[in-house]
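# Structure at a glance
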Amino acid sequence: MNDLDPLRIEAELERLGASIGKPVVVAPVTASTNDDARRAASGGAPHGASFLANAQTQGRGRSGHTWHSPAGENLYLSVVLRPKLAPQALPPLALVLGVCVARVVDELLGASKASGPRAGVKWPNDVLVDGKKLAGLLVETALRGGAIDAVVAGIGLNVHASSFPEELASRATSLHVLGGRGLDRSSIAARLLVEIGRTVRVFEANGLDPFLAELDHRDVLRGVPIDVSGISGTAAGIDREGYLRVITSDGATHRIGSGSVTTHGPLGSPGTRVRGGPGAGEAEG
């Protein structure tokens, strides 16, 4: 199906009063929307320029992992950002974007304040529902003279997929599988861009602080035994600089800035604290 149309996205952006998102470029097929956005950024594309595709042939996630990108099924979106930030303030942006995606996912899944959130954030760059990966984020930065010239924020969100390759089937899900409503990719893209525009402004002004309570609520790693960057211990939340805290068996607290996480036991759900149990699971970080 092809429910991805630049004119419809622009009309929805206008209706919602979006501060970013234009111009909108939608390709039938591309290697990677992040590559498209990076080339455009180097050529002077403005803050908020958006690049989407109906399919990707070389879609990628963090650390070079391949992102499953079949035609017509999912949302592949990259946006050029030119935030007024020092380079050292940028790393938590992936977590902030994870909050953006989680908020929109909750709307699409009909989550309410009474029922509580369904979408969780897995440090450093994934969004999960019911312990399965629904979306991934990839943030790439171009510097010029020691300052940020542009940031490309890529989002892969599983929308219409009803099945996945065997190697992903046990750990991936989609809005369709979860019973999501209003699953129109043009509308979802516009809603994501509106949320990104709002939250990036807040992040520019205040850093990660305004998002910490929500991140804590959505954190699916907290209380889970993990291995990351050569450290084994229990995940103990995300600090105000976006580092993952890990407490080891000797009681020491380590701050991890990047790395892939291997979990030992079930992930938590938003608003819960899981102590972990027997068994082991592995997920891209």
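Now for a look at the structure at hand. (Residues numbered from 1 in each chain as written. Predicted model: local features only at pLDDT ≥ 70, side-chain atom pairs only at ≥ 80, totals over all residues. Heavy atoms only, no water.)

Right, let's get into the nonpolar core. The biggest cluster of nonpolar side chains holds 63 residues, and the ones touching the most others in it are Leu75, Leu157 and Leu175. Sorting elements by how many residues they give to this core places helix H3 (residues 93–108) first, with 11 residues. Apart from the residues lying within four places of it in its own chain, the contact partners of Leu75 are Leu4, Leu52, Ile155, Gly156, Leu157, Val159, Arg185, Ile188, Ala189 and Leu192. One finds Ala37, Ala45, Phe51 and Val80 within the second-largest nonpolar core, a separate group that totals eight residues. (Core = buried A, V, L, I, M, F, W, Y, C linked by side-chain atoms within 4.5 Å. Buried < 20%, exposed > 50% of the residue type's maximum accessible area, 1.4 Å probe, protein only. Helix = DSSP H or I, 4+ residues; strand = E, 2+ residues; numbered from the N terminus. Contact = heavy atoms within 4.5 Å.)

Pairing analysis gives four bridges linking strand E10 (residues 244–247) to strand E11 (residues 253–256), with the strands arranged antiparallel. Within the sheet, the bridge partner assigned to Leu244 lies in E11 and is Ile256. Counted between consecutive antiparallel strands, the loop separating E10 from E11 contains five residues, among which Gly251 sits at a positive phi close to 90°. (Pairing = 2+ DSSP bridges.)

Right, let's talk about the packing of H3 against helix H4 (residues 185–206) for a bit. Running from N to C, H3 and H4 point in directions that differ by 140°, and their axes come no closer than 9 Å. Taken together, the axes of H3 and H4 lie oblique to each other. Crossing of H3 over H4 shows right-handed handedness. Listed contacts from H4 to Leu93, Val96, Leu97, Cys100, Val101, Arg103, Val104, Glu107 and Leu108 of H3 are Ile188, Arg191, Leu192, Glu195, Ile196, Thr199, Val200 and Phe203. A per-class count over the contact of H3 with H4 returns 12 nonpolar, one polar and four charged. (Axes fitted to C-alpha atoms, helices over the stretch in contact; angles between N-to-C directions. Parallel < 35°, antiparallel > 145°, perpendicular 65-115°, else oblique. Left-handed = near helix turned anticlockwise from the far one by under 90°. Nonpolar A, V, L, I, M, F, W, Y, C, P; charged D, E, K, R; others polar.)

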